[in-house]
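Each chain is listed here by its residues.
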Amino acid sequence: MPNRPQPRFPEPNTEYFWEGCKEGELRYQVNDATGEVVFYPRMHDPKTGSRDLSWKVSKGEGTIYTFSVVRQNRMPNFIDLGAYSVAYIDLDEGFRIMSTIVGVDNPTEDISIGQRVRVEFEKQDEGEYPIPVFRPI
Amino acid sequence: MAQERTAAIVGVYEYPLRVAPGISAMEVKIESIAQALADAGLEWSDVDGLYDAGDGEAGGGLQLAAYLGINPTVIDTTQVGGSSYEFHAAHAVRDIAAGKCKVAVLSYGSTSASNRVAIGTGGRVSPAPNWQQNMESPYGSTLISNYAMVKQRHMHEYGTTTEQLAGISVATRKHAMRNPEAVKAMTDLQFVGVREITVEDVLESRIVADPLHLLECCMISDGGGAVVIASAEIARNCKKPPVWIIGSGEATKYLENNGDITTSAAAQSGPIAFQEAGINPSEIDIAMIYDSFSITVAVCLEDLGFCAKGEVGDYVANGRLAFDVKGTPALNTDGGGLSSNHPGMRGIFLLFEAARQLRGESTSQVEGAKLAVAHGNGGLLGGTHTGGTIILAKD
């Protein structure tokens, strides 16, 4: 099993998001007044400053906006991983998330911008929080 | 030209070594401040403005003045990554114009190479949990992969190729080979092949993070330097001709839903600076653009208005921005971060070489150079970053 760095707490902005990952939910916020999507999770809507926000659950499907394949990372968690992808995914609900693309044989060949992907929650060796990753549909 | 000429760069010093084992960051700063003041013909005791990004063992606003032994009337500790020095220069001009100080000193010292700091490929973990890091650290995104994602999107959206962008590395290396300090830097850092490079060399160099090749990435060096900025009255009596700061702009940019990752903070800071200077990008002779990576230069050239968004591939292809090509600005004529000096925060070096060009002192001198831009990019292009633009004019 992978051993990605875990989120660290207390961190009030992102805690509810990560609790959602334990439930298999990809959670995001909306501004109650304008309906505007707020992401990464925050205490306020960065467009208006409003703190009246509600949580919703994403369907978990989106499109790859851009990506890179990392060939070299000196962090212990990644040093032995080989080449792996880092990507921004635009979820259909209108928010952008950093993640990785799994389920591809060769990340340099098999990933492309515009590809449709779906979230899944990857269990980790250590740590209680599964990490949201994306797999081509 | 109708710009205001209230303050000028009057002294610069670039610490000559890029590998300096046993030398502390503070030694680099002190040596550089002394030499930059000597370059200007000013005294230690003339300094009344201190601008510092908090680098070095006794840096920062609380400690540095005490260590230097001066009593500044202005202390500015803006720390916005590699563009900190463009922000400092902008603030120094404003502070001088407001009469708050007359002789401003900016300095930088770093031992990144000797300490083996993996700036581009190491992890970035803050001491305390942080909203952004909690969302990103599980994925192993390195500094380089942020920039790489910008390049990937630029290639996708505009058909830009690595072959085109290699023109940036080729022109910059050409300049580096004419600069003895850059040649020594590449030698001391054990570059494979200290020589001019071709587009093919760039394409054949290994990929660090797709689609960025090694020869599109800056070095990690030791080093530093200092700049002295003085009021018009003082500048006119300094040893060397003043290099006037005639415009400045500051900006930040970050990840936004539906945002355009191929547009940087320069799209905000550039127009502000050019408007203040009352000139157009087409009038610029010297473009000192923070070259952490090829794509940083590419995106910033577009955002500053040297060419339209998406057209930078043709604009930089085949080394068109070399100092001896007519009709285009000369890019990073000292050899840049790619091939001369990058200890982590390169912004200050952009000011040095811009000043050297406008004094006629560059090792790749552009004849008759009158106007220069120094644009620093701090933080992570593609993620949270800053842009600081400074426009400079020959006396």
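Everything numeric here is computed off the predicted structure, so don't read it as measured data.

**Student:** Mind laying out the overall build of chain A, listing which residues take part and the relevant values?
**Tutor:** Check the secondary structure of chain A and you find two helices and eight strands. Written out in order from the N terminus, the α and β elements of chain A read α-β-β-β-β-β-β-α-β-β. Computed over the C-alpha atoms, the radius of gyration of chain A is 16 Å, within 12% of the 14 Å expected from 2.2 N^0.38 for a compact globule of 137 residues. Considering only C-alpha atoms, chain A reaches an extent of 45 × 35 × 25 Å along its principal axes. Relative to its 137 residues, chain A shows a buried fraction of 51%. The contacts in chain A between residues at least 6 apart in sequence include a share of 57% that link residues at least 24 apart. In chain A, 16 positive and 22 negative side-chain charges are present, and the distance between their average locations comes to 3 Å.

**Student:** Break down the sheet that holds strand E8 (residues 243–253) of chain B for me, with residues and values.
**Tutor:** As a general point, the strands of a sheet are linked pairwise by backbone hydrogen bonds and lie either parallel or antiparallel. Residue and element names in this part refer to chain B. Spatially, 10 strands are ordered E3-E2-E4-E7-E1-E8-E12-E11-E9-E10 in an open sheet, and the strand pairing comes out mixed. Each edge of the open sheet is held by one strand with a lone partner, namely strand E3 (74–76) and strand E10 (330–331). This element, helix H10 (residues 266–277), spans E8, strand E11 (371–379) and strand E12 (385–394) of the sheet and lies at about 155° to E8.

**Student:** Kindly report on the environment of His91(B), identifying the contributing residues and their values.
**Tutor:** Among the structural elements, His91(B) can be located in helix H3 (residues 84–97). When near neighbours in sequence (up to four residues on either side) are disregarded, His91(B) contacts Tyr51(B), Asp76(B), Thr78(B) and Glu250(B).

**Student:** So what's going on with the nonpolar core? Which residues, and what values?
**Tutor:** By size, the foremost hydrophobic cluster in this structure holds 112 residues, and its most contacted members are Ile89(A), Ile101(A), Phe134(A), Ile289(B), Ile295(B), Leu301(B) and Ile391(B). No other element matches helix H11 (residues 294–304) of chain B, which puts seven residues into this core. Setting aside anything within four residues of it in sequence, one finds Ile295(B) in contact with Tyr147(B), Val150(B), Lys151(B), His154(B), Leu165(B), Leu212(B) and Leu381(B). Grouped together as the second largest cluster of nonpolar side chains are 40 residues, Tyr108(B), Phe323(B), Leu358(B) and Ile390(B) included.

**Student:** Could you give an account of unusual backbone geometry, naming the residues involved and the relevant values?
**Tutor:** In this chain, Phe39(A) is followed by Tyr40(A) through a cis amide linkage whose omega measures -5°. For Tyr40(A), the location among the structural elements is in the loop between strand E2 (37–38) and strand E3 (53–57). Here the residue pair Asp210(B) and Pro211(B) is connected by a cis peptide bond, since its omega of -5° sits within 30 degrees of zero. Position of Pro211(B) among the secondary structure elements: in the loop between strand E5 (207–209) and strand E6 (212–213). Its identity as a non-glycine residue notwithstanding, Gln190(B) has a phi of 60°, on the positive side.

**Student:** Summarise the interface of chain B and chain A; cite the residues concerned and give the values.
**Tutor:** Size of an interface, as often reported, equals the accessible area lost when the parts are brought together. At the junction of the two partners, chain B supplies 42 residues and chain A supplies 43 residues. Among the residues of chain B in contact with chain A, Trp131(B), Met135(B) and Tyr139(B) are the three that bury the most area, contributing 22% of the side total. The interface formed by chain B and chain A includes one salt bridge. A salt bridge links Arg71(A) to Asp210(B), with the nearest nitrogen and oxygen atoms 2.8 Å apart. For the pair chain B and chain A, the interface holds 22 residue pairs in polar contact (both at pLDDT 80 or more). Taken together, the elements giving at least two residues each to the side of chain B that touches chain A come down to helix H4 (131–136), helix H5 (143–158) and E5 of chain B. A per-element tally of the side of chain B that touches chain A places H5(B) first, with seven residues.

Calculation criteria
Residues numbered from 1 in each chain as written. Chains lettered and ligands numbered in written order. Predicted model: local features only at pLDDT ≥ 70, side-chain atom pairs only at ≥ 80, totals over all residues. Heavy atoms only, no water. Helix = DSSP H or I, 4+ residues; strand = E, 2+ residues; numbered from the N terminus. Rg over C-alpha atoms; globule rule 2.2 N^0.38 Å. Buried < 20%, exposed > 50% of the residue type's maximum accessible area, 1.4 Å probe, protein only. Contact = heavy atoms within 4.5 Å. Lys, Arg positive; Asp, Glu negative; His and termini not counted. Charge placed at Lys NZ, Arg CZ, Asp CG, Glu CD. Pairing = 2+ DSSP bridges. Axes fitted to C-alpha atoms, helices over the stretch in contact; angles between N-to-C directions. Core = buried A, V, L, I, M, F, W, Y, C linked by side-chain atoms within 4.5 Å. Buried area = accessible area lost by both parts, 1.4 Å probe. Salt bridge = Lys/Arg side-chain N within 4 Å of Asp/Glu carboxyl O. Polar contact = N/O pair within 3.5 Å; in protein donor to acceptor, adjacent residues only side chain to side chain.

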